Amino acid sequence: MQDRRHFLKAAALGAAALSLDGVKSAHAAPFVKKDRTTKPIVLSTWDFGRAANLAAWEILKKGGRALDAVEAGVKIPEADPNNHTVGYSGYPDRDGRVTLDACIMDEKGNCGSVASLEHIVHAISVARAVMEKTPHVMLVGDGALQFALSQGFKKENLLTPESEKAWKEWLKKSEYKPLMNIENSSYGQGNNPTTFSPRMLPGNQYNHDTIGLVAIDANGDLSGACTTSGMAYKLHGRVGDSPIIGAGLYVDNEIGAATSTGVGEEVIRIVGSHLVVELMRQGYPPEKACKEAVERIVKKGPERSKGLQVGFLAVNKKGEHGAYCLQKGFNYAVLSEKENNVLIDGKSYYK
């Protein structure tokens, strides 16, 4: 009987001790040091993404925030006079007006966007200002310009002589055919922007338009940015997928991030970047998620898809990345401690 009492007493004390340990553990949890083993990585669409990656990496390698890195990265092609599909020197619409679209999204789900913005080189920075200084997500047209000017952005002429010359050549026939990368297949490369060259054929190094850039910082947080001057010689007011959260760009800090390039109308139809991220949530690796999105575009328009280009790029929370596109020629640049700004060809649906 005495032994039984001692046993019950010891068991009670043991249970109490475990309970107290549990309380201590529960209170201690918030003070556990955050795991910072995640290595920074930055990825961007197309070959000109390599220069963008370098600017982003300058921030990431110092422990900076992914949001700052993605903005700094895409500002490089936005200001490049030799890039006729993003920012300054972008090809105009059919009325000769250069209009820009851009969006940005951070690890907390905050996002900002501008569409049909004129006269401002860095549309991405205006998009960030929309995110941080207004209660809105998107501003368009004259409203976006008015806001930009109120924030101190400089009004500039974005139509360079080279782009204007190409536009005037286009006006002779005024054929509006939003085919695969028309910006690069007929006009605007080299010293004579109106002379056809085999270098301009789809599938080579000039086969690109929008820049989408996604990054993970040293804290493991994701952000993304997407910016473009849109289709050359488009109808004035046309907006593609680039400034639309969920279409041209989507970031979910629990899962990963995705961006797109190519004919935006097709991406909008399937809310492409959001779809890719949600597929990764279901366990798809990045490349397979991008492939599934491309296949949905084909399914919705089998014949239409044969004459255009769309590509998706994705990275998951682990830093694993992948891409997939409709046509051959899409590539992306990756910069991390293990990958030295390498250019990777995306697999394609049409061989």
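Quick caveat, the model's predicted, so the values are computed rather than measured.

## Focus: the side chain of Ser 223
Its location among the elements puts Ser 223 in strand E6 (residues 222-228). Polar contacts involving the side chain of Ser 223 include one to the main-chain amide nitrogen of Leu 67, which spans 3.3 Å. If we ignore the near neighbours within four places in the chain, the residues touching Ser 223 are Ala 66, Leu 67, Val 70, Met 105, Asp 106, Glu 107, Leu 213, Val 214, Ala 215 and Val 251.

## Remarks on the nonpolar core
Ranked by size, the top nonpolar core spans 85 residues in total, and within it Val 114 and Phe 312 carry the most contacts. Tallying contributions element by element places helix H4 (residues 123-133) first for this core, with 7 residues. If you look at the next biggest cluster of nonpolar residues, it comprises 6 residues, including Ala 166, Trp 167, Trp 170 and Ala 232.

## Regarding the sheet that holds strand E8 (residues 256-262)
One open sheet accounts for 5 strands, arranged E7-E8-E9-E10-E13; its pairing is mixed. A strand with exactly one partner marks an edge of an open sheet, and here the two such strands are strand E7 (249-252) and strand E13 (347-348). With 7 bridges connecting them, E8 and strand E9 (residues 310-316) associate as antiparallel partners. When the sheet's bridge partners are listed, Thr 259 is paired in E9 with Leu 313. Across the sheet, helix H9 (residues 272-281) touches E7, E8 and E9, and the angle it forms with E8 is around 145 degrees. Running at roughly 20 degrees to strand E10 (residues 321-325), helix H10 (residues 286-300) makes contact with E9, E10 and E13 of the sheet.

## Some details on unusual backbone geometry
The backbone of Ser 116 sits at a positive phi, close to 50 degrees, despite the residue not being glycine. Its place among the elements puts Ser 116 in strand E3 (residues 111-117).

## Describing helix H3 (residues 66-78)
Helix length check: H3, at 13 residues, gives a terminal C-alpha distance of 19 Å against a target of 18 Å (1.5 Å per residue), a fit within 8%. Looking only at H3, the buried set comprises Ala 66, Leu 67, Ala 69, Val 70, Glu 71, Gly 73, Val 74, Pro 77 and Glu 78. Buried residues along H3 sit in contact with helix H2 (49-60), strand E2 (100-105), H4, strand E5 (211-216) and E6.

## Overview of the packing of aromatic side chains
Going through the model one piece at a time under the given rule, you end up with 4 aromatic pairs. Summarising the aromatic geometry, the rings of Tyr 91 and Tyr 233 are spaced 5.9 Å apart at their centres and angled 35 degrees between planes, so their arrangement reads as tilted. Of this pair, Tyr 91 sits in the loop between H3 and E2 while Tyr 233 is found in the loop between E6 and E7, placing the two residues 142 residues apart along the sequence. Geometrically, the ring pair formed by Trp 170 and Tyr 233 is stacked, given 4.8 Å between the ring centres and 15 degrees between the ring planes. In this pair, Trp 170 sits in helix H6 (residues 161-171) while Tyr 233 sits in the loop between E6 and E7, placing the two residues 63 residues apart along the sequence. For the pair Trp 170 and Tyr 233, one class covers both residues: buried. Feature note: the residues Tyr 91, Trp 170 and Tyr 233 constitute an aromatic cluster, connected by ring pairs. Between the NZ or CZ atom of Lys 288 and the centre of the ring of Tyr 284, over which it lies, the distance is 5.1 Å.

## Remarks on the sheet that holds E5
Taken in spatial order, the 8 strands of this open sheet run E4-E3-E2-E6-E5-E1-E11-E12, and their pairing is mixed. The sheet terminates laterally at strand E4 (138-140) and strand E12 (342-345), the two strands that pair on one side only. If you compare each strand with its neighbour and ignore which way they point, the axes differ by 10 degrees on average. Relative to E3, E2 runs antiparallel, the two sharing 5 bridges. Opposite Cys 103, over in E3, you have Ser 113 as the bridge partner.

## Focus: the pairing of strand E1 (residues 41-45)
Counting buried positions over the 5 residues of E1 gives 5, a clear majority of the element. On E1, burial covers both faces: Ile 41, Leu 43 and Thr 45 on one face and Val 42 and Ser 44 on the other are all buried. Strand direction decides the pairing type here: E1 and E5, joined by 4 bridges, are antiparallel. Paired with Val 42 across the bridge in E5 is Ala 215. The sheet contact formed by E1 and strand E11 (residues 331-336) spans 5 bridges and is antiparallel. The residue bridging Thr 45 from the neighbouring strand is Tyr 332, located in E11.

## A few points about a nonpolar patch on the surface
Residues Val 137, Met 138 and Val 140 make up a contiguous nonpolar surface patch of roughly 230 Å² in combined accessible area. In this structure, Val 140 sits in strand E4.

Reading the values: rules and limits
Residues numbered from 1 in each chain as written. Predicted model: local features only at pLDDT ≥ 70, side-chain atom pairs only at ≥ 80, totals over all residues. Heavy atoms only, no water. Helix = DSSP H or I, 4+ residues; strand = E, 2+ residues; numbered from the N terminus. Polar contact = N/O pair within 3.5 Å; in protein donor to acceptor, adjacent residues only side chain to side chain. Contact = heavy atoms within 4.5 Å. Core = buried A, V, L, I, M, F, W, Y, C linked by side-chain atoms within 4.5 Å. Buried < 20%, exposed > 50% of the residue type's maximum accessible area, 1.4 Å probe, protein only. Pairing = 2+ DSSP bridges. Axes fitted to C-alpha atoms, helices over the stretch in contact; angles between N-to-C directions. Expected span 1.5 Å × (residues − 1). Phe/Tyr/Trp six-rings, centres within 6.5 Å; stacked < 30°, edge-to-face > 60°. Lys NZ or Arg CZ within 6 Å of the ring centre and 35° of its normal. Patch = residues over 30% accessible without salt bridge, like charges linked within 9 Å, V, L, I, M, F, W, Y side chains within 5 Å. Areas by Shrake-Rupley, 256 points an atom, 1.4 Å probe, with all protein chains shown as cover. Salt bridge = Lys/Arg side-chain N within 4 Å of Asp/Glu carboxyl O.

So, to be careful, I would describe these as geometric facts and stop short of saying anything about function.
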